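Take a look at the letters that make up each chain.
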Amino acid sequence: MWGIWSRTVVKVGMAKPCSFVKPCHLVKPVSATRISGRYLTHQKGLPSLPVPPLQQTCERYIAALEPIVETEELKYTKKLVDEFQKAGGDGERLQRALEKRASNTENWLSDWWVQVAYLDYRLPVVVHSSPGLVLPRMNFTDKQGQIRFAAKLIAGVLDFKMMIDNETLPVEFMGGKPLCMNQYYQVLSSCRIPGLKRDSIVNHSRSSSSPKHITVVHNCQFFVLDVYNSDGTLLSVDQLCVQLEHICNSSQQNNSEPVGILTTSDRDTWGRTYQSLIKDKINKDSVSAIQRSIFTLCLDGAMPQVSGDVHRSRSAVQMLHGGGSQWNSANRWFDKTLQFIIGEDGTCGANYEHAPAEGPPIVALIDHVVEYTRRIELGKTPVKSSSMPQKLHFKITPEIKRDIEEAKHKMDILAQDLDMRVVVFEEFGKNVPKTYKMSPDAFIQVALQLAFYRMYQHSCATYESASLRMFRLGRTDTIRSASRASGEFVKVFDNPSKQNTEKVELLEKAVQAHRWYTNMAISGQAIDRHLLGLKMLALEQQITVPPIFTDKSYSKALHYRLSTSQVPSKTDCVMCFGPVVTNGYGVCYNPMDDHINFAVSSFNTCKETDAAAFAQTVKGALLDMRTLLEETPKARL
Ligand code: COA
């Protein structure tokens, strides 16, 4: 049985070491030899990502295409694949080169993946790449409450940071196997930097003078807030409160140029503006302070008043893009790896730049922070700190002013275009599929397939993220949820002439097929990253890219009309992201024991898609699948 993310508290240096990257900033000094020992022990303990056998990937690729391409297209692709994998063919040569790369690198995939999936990607990170995280509405409704909560949140993040720095972070396990913890060391004190053709990431947590400050943004004005006292101790929550009050008081007027909006531009545009922005020394220092900071805290201004379910969807918008230039989109630095966002009305969550990490480590950090904010109380008398926050200044030339205006305009178009719905499916959660001895994740994925089929009468290429963290520096591979089995199930489900027993049998097969694919993906045997690796090698070696990669079926396989991800958490929250293709849906879900949180997105400019309708259809599919199981006694066996 596969249970994920069992967080077992094991201290590093004991039975199961956890830290992978040597952190330099240590709150409690630890000798270099000990850190290095832990680092090496953990490194050695994790297996390397395997290169799957070529023939296996070719067979599985053809099987994966079956539900999503036409018969004639499949026939043609089969020929290309046969040619590719024949003895002495392109496939064999590339496979050998890939195996060689695997034996010479820590992880043959991770650098390529970060480059291709993130740093070379030129669309804005906003909506198109960076996920948002919506927390439950917190218990405050005014500025004072916002500041007090923010102070606790900062303290909670620093408490988590201490576990990273001290290497006492609990190791996570999946199916009993320890996971690579490297991503935890990438999310603090780091930032994406726009480039002209390719971006980069800087991580200052390992520099000799690791950062001691966070950045706070309020009314689109940025401040540096030192979170350590001169004696190296952390500021108390009361001290943080005083600092935040000072920031809010000194930025009540919205009278600065909203320079943060520039980070919402497409990467080429922002890359060009960035070059001219940092020519000025003041700007360069201000940008550097943001990039180096441990994280950014966004104290947001009011958003449009809404209630109930609508509030959740509005919060998702606030977390994902800030609502547009007239609301909070400029109250951000979207290149920053981790931004916590707090509104005056109790809205709370985060936005993170995806290149350094996946959702689960971010959510684990946030689970800790939420728990911390519940525990900690403020003192009665505010305590002064030695230093006060420093405002970051920007010198804005007419050219940069023009770029700001253009960025505002484009952000507003994007904000208008995104339809984001957060819905809670309250009828059941993981409990029901478990009763029927089915994997809850597979059950939900089959429901997504059924919902899509009900709306469009065909299946589509579907992406679900699978963690590769069982391997050193592992990121993700793709679970292709549209399978032959799911295709057979969705076609039969609404056919009244079919018996329930047959439908249940097909449902069970579809769920099993999904779980089989999941197991294969998390053990490094899925097809997508392998094919990507073979293609990357062809490009690197400057040989003609084999025709399987320019084939229509391949582009169909990568056109994910359903881009989905499970991000589980202890807190009753949900992550959200945009669709990855213009006529697609982004679906993120958090299955709790007795309910499921969904965030569904689509683009308004696409007439074929409708996030609200899809969310509703998913709910219907889940309910109908349960009814089928309840009404068919065999399912209770
Ligand atoms: N009968 C009864 N219970 C079952 C079962 C079955 N047949 N199969 C699974 N379960 C139980 C599990 O033990 C687990 O129990 P728990 O709630 O006590 O932990 C629970 O059901 C959930 O299992 P399942 O639904 O199968 O999912 P999973 O937890 O194994 O997760 C993935 C599947 C694909 C989401 C996970 O492997 C993964 O890779 N996650 C990473 C995703 C990611 O990185 N997303 C972020 C992208 S930004």
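Remember, predicted model here, so these are calculated numbers, not experimental data.

K.L.:
Residue-level account of the packing of helix H14 (residues 440-456) against helix H19 (residues 611-631), with values.
P.N.:
The N-to-C vectors of H14 and H19 enclose an angle of 120°; their axes lie 8 Å apart at closest approach. For the element pair H14 / H19, the angle class is oblique. Judged by the sense of rotation from one axis to the other, the crossing of H14 with H19 is right-handed. Residues Phe-443, Ile-444, Val-446, Ala-447, Leu-448, Leu-450, Ala-451, Phe-452, Arg-454 and Met-455 of H14 pack against Ala-613, Phe-614, Thr-617, Val-618, Gly-620, Ala-621, Leu-622, Asp-624, Met-625, Arg-626 and Leu-629 of H19. Residue composition of the contact of H14 with H19, by class: 16 nonpolar, two polar and three charged.

K.L.:
Describe in detail the sheet that holds strand S17 (residues 574-576), supporting the description with residues and values.
P.N.:
Taken together, eight strands build an open sheet; the order of strands is S12-S8-S7-S9-S10-S11-S2-S17 and the sheet is mixed. Of all strands in the sheet, those bounded by a partner on one side alone are strand S12 (390-391) and S17. Inspection of the sheet shows strand S2 (residues 132-134) paired to S17 by three bridges, in the antiparallel sense. Pairing of Gly-132 across the sheet is with Cys-576, part of S17.

K.L.:
Go over the pairing of strand S16 (residues 562-566) with me, naming the residues and quoting the values.
P.N.:
Summarising burial for S16: four of the five residues are buried, a large majority. In this sheet, strand S18 (residues 585-591) lies alongside S16 in parallel orientation, the contact comprising five bridges. Opposite Thr-564, over in S18, you have Val-587 as the bridge partner.

K.L.:
Could you give an account of the state of the cysteines, with specific residues and numbers?
P.N.:
This structure, assessed with the given rule, holds zero disulfides. With no disulfide of its own, Cys-241 has Cys-248 as its nearest cysteine by sulfur position, at a separation of 10 Å. Assessed through its relative accessible area of 4%, Cys-248 is described here as buried.

K.L.:
Got a sec to walk through the domain arrangement of the chain? Specific residues and values, please.
P.N.:
Considered domain by domain, the chain is made up of domain 1 (17-24 + 59-107 + 421-635) and domain 2 (118-419). Placing a centre on the C-alpha atoms of domain 1 and another on those of domain 2 gives a separation of 31 Å. With 43 residues of domain 1 in contact, the opposing surface of domain 2 contributes 52 residues. Between domain 1 and domain 2 lies a buried interface of about 3,800 Å² when both sides are counted; carbon and sulfur atoms form 59% of it. Taking the shortest distance from any N to any O, the salt bridge between Glu-358 and Arg-475 comes out at 2.8 Å. Our count for the contact surface shared by domain 1 and domain 2 stands at 17 residue pairs in polar contact (both at pLDDT 80 or more). Only strand S13 (418-425), S17, strand S19 (596-603) and H19 provide two or more residues apiece to the side of domain 1 that touches domain 2. In terms of residue count, the dominant contributor to the side of domain 1 that touches domain 2 is S19 (four residues).

K.L.:
Please set out the sheet that holds strand S15 (residues 476-480) residue by residue, giving values where relevant.
P.N.:
With respect to topology, six strands assemble into an open sheet ordered S13-S19-S18-S16-S14-S15, the strand pairing being mixed. Each edge of the open sheet carries a strand with a single partner, namely S13 and S15. In this sheet, neighbouring strand axes are inclined to one another by 25° on average, regardless of whether the strands run parallel or antiparallel. Judged from the eight bridges that link them, S13 and S19 form a sheet pairing that is antiparallel. Among the inter-strand pairings, Val-423 is bridged to a residue of S19, identified as Phe-598.

K.L.:
Account for the pairing of strand S5 (residues 190-193), naming residues and giving values.
P.N.:
Of the two faces of S5, both are covered, the one formed by Ser-190 and Arg-192 as well as the one formed by Cys-191 and Ile-193. With four bridges connecting them, S5 and strand S6 (residues 200-203) associate as antiparallel partners. Counted as the bridge partner of Ser-190 is Asn-203 from S6. In textbook terms, the turn of a hairpin is the stretch between consecutive antiparallel strands, and for S5 and S6 this stretch comprises six residues.

K.L.:
Pulling in residues and values, what's your account of unusual backbone geometry?
P.N.:
Of all residues except glycine, most have a negative phi; of all peptide bonds, most are trans. The phi dihedral of Val-127 falls on the positive side, at around 70°, and the residue is not glycine. If you trace the backbone, Val-127 turns up in the loop between helix H5 (110-119) and S2. Look at Val-127 and you get buried, because its relative accessible area is 1%. Phi at Glu-167 is positive, roughly 60°, even though this residue is not glycine. Relative to the helices and strands, Glu-167 resides in the loop between helix H6 (143-166) and strand S3 (171-174).

K.L.:
Provide a residue-level description of the nonpolar core, including the pertinent values.
P.N.:
Counting residues in hydrophobic clusters, the biggest one holds 60 residues, and the most contacted among them are Leu-244, Leu-297 and Phe-340. When residues in this core are grouped by element, the largest group, twelve residues, is from H6. A domain split of this core shows at least three residues from each of domain 1 (17-24 + 59-107 + 421-635) and domain 2 (118-419). Not counting residues up to four positions away in its chain, the partners in contact with Leu-244 are Ile-147, Ala-150, Ala-151, Ile-154, Val-216, Leu-225, Leu-297 and Leu-299. Trp-113, Ala-521, Leu-531 and Tyr-560 belong to the second-largest nonpolar core, a separate cluster that totals 53 residues.

K.L.:
Which residues make up the environment of Ala-355, and what are the values?
P.N.:
When you line up the elements, Ala-355 lands in the loop between strand S11 (348-352) and helix H11 (359-375). The class of Ala-355 is buried, set by a relative accessible area of 1%. Along the chain, Ala-355 and Val-69 lie 286 residues apart, while their C-alpha atoms are 31 Å from each other. Filtering out sequence-adjacent residues up to four positions away, Ala-355 remains in contact with Val-114, Tyr-118, Leu-119, Arg-192, Ile-201 and Arg-475.

K.L.:
With reference to specific residues and values, describe the pattern of salt bridges.
P.N.:
Within the structure shown, the criterion is met by 36 salt bridges. Residue Arg-267 pairs with Asp-335 through a salt bridge whose shortest N-O separation is 3.0 Å. Taken together, the positions of Arg-267 in helix H8 (residues 267-277) and Asp-335 in the loop between helix H10 (308-320) and strand S10 (338-342) put the pair 68 residues apart, joining distant regions of the chain. Of the two residues, Arg-267 and Asp-335, neither departs from the other in class, the shared state being buried. Residue Glu-406 is joined to Lys-410 by a salt bridge in which the shortest nitrogen-to-oxygen separation is 3.2 Å.

K.L.:
Break down H14 for me, with residues and values.
P.N.:
Its 17 residues place the ends of H14 24 Å apart at the C-alpha level, agreeing with the 24 Å of an ideal helix rising 1.5 Å per residue. H14 sits mainly inside the fold: 15 of its 17 residues count as buried. At the C-terminal side of H14, Gln-457 shows a positive phi close to 60°.

Rules of the game
Residues numbered from 1 in each chain as written. Predicted model: local features only at pLDDT ≥ 70, side-chain atom pairs only at ≥ 80, totals over all residues. Heavy atoms only, no water. Axes fitted to C-alpha atoms, helices over the stretch in contact; angles between N-to-C directions. Helix = DSSP H or I, 4+ residues; strand = E, 2+ residues; numbered from the N terminus. Parallel < 35°, antiparallel > 145°, perpendicular 65-115°, else oblique. Left-handed = near helix turned anticlockwise from the far one by under 90°. Contact = heavy atoms within 4.5 Å. Nonpolar A, V, L, I, M, F, W, Y, C, P; charged D, E, K, R; others polar. Pairing = 2+ DSSP bridges. Buried < 20%, exposed > 50% of the residue type's maximum accessible area, 1.4 Å probe, protein only. Disulfide = S-S within 2.5 Å. Domains from an automatic or database assignment. Buried area = accessible area lost by both parts, 1.4 Å probe. Salt bridge = Lys/Arg side-chain N within 4 Å of Asp/Glu carboxyl O. Polar contact = N/O pair within 3.5 Å; in protein donor to acceptor, adjacent residues only side chain to side chain. Core = buried A, V, L, I, M, F, W, Y, C linked by side-chain atoms within 4.5 Å. Expected span 1.5 Å × (residues − 1).

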